[in-house]
Amino acid sequence: MDGPLPPRESAKFIAENSRDVFIDGGGVRRVAKLLLAKASGPELRLGGWKALHELNPRAADEAAVNWVFVTDTLNFSFWSEHEEHKCLVGYRGKTYSGYWSLCAAVNRALDEGIPITSASYYATVTLDQVQHIFRSDTDVPMPLIEERHRILNETGKILLEKFEGSFLNCVRKSEKSAQKLMHLVVESFPSYRDVTQYEGKKISFYKRAQILVADTWSVLEGEGDGCFKDISSITMFADYRLPQVLVHLGALKYSKELLEKLLKGEMLLYGNRQEVEIRGCSLWCVELIRDCLLELIENKGEKTSGEINSILLDYYLWDYARDHREDMKGIPFHHTRCIYY
Ligand SMILES: Nc1nc2c(c(CN[C@H]3C=C[C@H](O)[C@@H]3O)cn2[C@@H]2O[C@H](COP(=O)(O)O)[C@@H](O)[C@H]2O)c(=O)[nH]1
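Description of the structure in this document. Predicted model, so just to flag it, every value in this text is computed and none were measured.

Overview of the site of the ligand
The local shell around the ligand holds 22 residues, among which Tyr 99, Lys 207, Arg 241, Asp 314 and Arg 322 are the closest. His 53 has a polar side-chain atom sitting 3.2 Å from an oxygen atom of the ligand. A distance of 2.6 Å separates an oxygen atom of the ligand from a polar atom in the side chain of Lys 207. Burial of the ligand by the surrounding chains reaches 99%, relative to a free accessible area of 660 Å². Spatially, the ligand is embedded in the largest pocket. Residue composition of the shell around the ligand, grouped by class: 11 nonpolar, 4 polar and 7 charged.

Examining helix H5 (residues 98-111)
With 14 residues, H5 extends 20 Å between its outermost C-alpha atoms, agreeing within 8% with the 20 Å of an ideal straight helix rising 1.5 Å per residue. Counting buried positions over the 14 residues of H5 gives 12, a clear majority of the element. Gly 113 sits one or two positions beyond H5 and adopts a positive phi of about 80°.

Some remarks on helix H1 (residues 7-17)
Looking only at H1, the buried set comprises Pro 7, Ser 10, Ala 11, Phe 13 and Ile 14. Buried residues in H1, looked at end-on, bunch into an arc of 165°, giving them a common side. Along its buried surface, H1 packs onto helix H10 (178-188), strand S4 (195-198), strand S5 (201-204), helix H11 (207-219) and helix H14 (273-300).

Side note on the packing of H11 against helix H15 (residues 310-323)
Contact pair H11 / H15: the axes reach a minimum separation of 11 Å and the direction vectors enclose 95°. With respect to their mutual orientation, H11 and H15 come out roughly perpendicular. On H15, the residues touching Ala 214, Asp 215, Trp 217 and Ser 218 of H11 are Ile 311, Leu 312 and Tyr 315. Class assignment for the residues of the contact of H11 with H15 results in 5 nonpolar, 1 polar and 1 charged.

Examining the layout of surface pockets
Looking at the largest pocket, its volume works out to about 800 Å³. What lines the largest pocket is a set of 41 residues, and nearest its centre among them are His 53, Trp 100, Trp 318, Asp 319 and Arg 322. Looking at the lining of the largest pocket, the elements that each hand over two or more residues are helix H3 (48-51), strand S3 (94-97), H5, H11 and H15. Looking at the lining of the largest pocket, the element that brings in the most residues is H15, giving 8 residues. Classifying every residue of the lining of the largest pocket gives 17 nonpolar, 9 polar and 15 charged. Volume-wise, the second largest pocket comes out at about 300 Å³.

Here we look at the pattern of salt bridges
Enumeration according to the criterion identifies 24 salt bridges in this entry. Between Glu 199 and Arg 19 there is a salt bridge whose closest N-O contact spans 3.1 Å. Within this pair, whereas Glu 199 is found in the loop between S4 and S5, its partner Arg 19 is found in the loop between H1 and strand S1 (21-23), the two being separated by 180 residues in sequence. For Glu 199, a relative accessible area of 46% gives the class partly exposed. Look at Arg 19 and you get partly exposed, because its relative accessible area is 48%. In this structure, the salt-bridge partner of Glu 257 is Lys 261, at a minimum N-O distance of 3.8 Å. Placement of both Glu 257 and Lys 261 in helix H13 (residues 256-263) is noted, with a separation of 4 residues, approximately one turn of the helix. Classification of Glu 257 as partly exposed rests on a relative accessible area of 42%.

Calculation notes
Residues numbered from 1 in each chain as written. Predicted model: local features only at pLDDT ≥ 70, side-chain atom pairs only at ≥ 80, totals over all residues. Heavy atoms only, no water. Near = heavy atom within 4 Å. Polar contact = N/O pair within 3.5 Å; in protein donor to acceptor, adjacent residues only side chain to side chain. Areas by Shrake-Rupley, 256 points an atom, 1.4 Å probe, with all protein chains shown as cover. 1 Å grid on protein atoms, 1.4 Å probe; cavity = no way out; pocket = protein on both sides within 12 Å on 5 of 7 lines; lining within 4 Å. Sits in = over half its atoms within 2 Å of the grid points. Nonpolar A, V, L, I, M, F, W, Y, C, P; charged D, E, K, R; others polar. Helix = DSSP H or I, 4+ residues; strand = E, 2+ residues; numbered from the N terminus. Expected span 1.5 Å × (residues − 1). Buried < 20%, exposed > 50% of the residue type's maximum accessible area, 1.4 Å probe, protein only. Arc of directions from axis to C-beta. Contact = heavy atoms within 4.5 Å. Axes fitted to C-alpha atoms, helices over the stretch in contact; angles between N-to-C directions. Parallel < 35°, antiparallel > 145°, perpendicular 65-115°, else oblique. Points joined across faces, edges and corners; volume = space filled by probe spheres on them. Salt bridge = Lys/Arg side-chain N within 4 Å of Asp/Glu carboxyl O.

Right, dumping it as structure tokens:
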């Protein structure tokens, strides 16, 4: 049976057939120009992953790779129905929300002597222990906590059975190919199988598998086992934040009907046509921004610190969304509750 279209081809197909989400060529060029000004800065380079984010591991060793694996295994669905009422985690004097609340909880557990990044621990961790580890400082728990527990047990058991309990062994089996690692992750771990249908075709986004490869590349600083020769074949990660920031920057537009639905906070089911169009057009939009940016860099003869790829653009735009939360308040993000992003 033939597999789904790969993410990049899926996104192109969706963008060509989309009925409620559109890419704005002028907006794409404006975003590329915004990024051109940053091309030689600290944000658009591999080192930013550690330099700009205090919760990410400093090391580039096996423990750091297993930290990335467990956080990206749980890297989904942090949004809350009411923005002012959400899960928060305090860690070392700072309060974290969203994705960072997950990282803060992982680091807090490690500080408490709980080996949350060890497969031999999370393969049999109980729901009570998971609720304690990811406890919130507010009365709003981290969303999908039961699913997170189920996925930890499932993933831990597979990592023990197939990769002697360490994700670094999985990385080494990929022989420094980002594509091979992405497919090995999707084949081995069911919760990473971010695939659905669109207009009769099987399509894939593999959002968590792609960000896992990207974060592995980042934590290993692009060297040794993390020196993936095809890292630039990884696309942006189709989550719920990137669409919001692309609309805010004018590179993506919604139909009136879809915008009204999102402004009302209506839920979209995973695999729903409009949800797929939001994710697919966002992915394709970032590919076009990257192409435009690379052209601008070449025309300007701009020096960059290394190859600019969709991963670095994605990281930058995601961080931009975090830093401009207030400015983006009027732009809705789509509400889909699932384990894939
Ligand atoms: N496209 C894209 N989506 C990303 C990330 C990250 C974390 N990566 C950072 C960590 C280290 C690196 O330096 C990266 O900067 C999380 N997410 C997704 O966002 C959503 C959470 O959003 P909020 O509710 O605002 O926290 C959720 O779907 C989550 O899966 C990314 O980078 N790109």
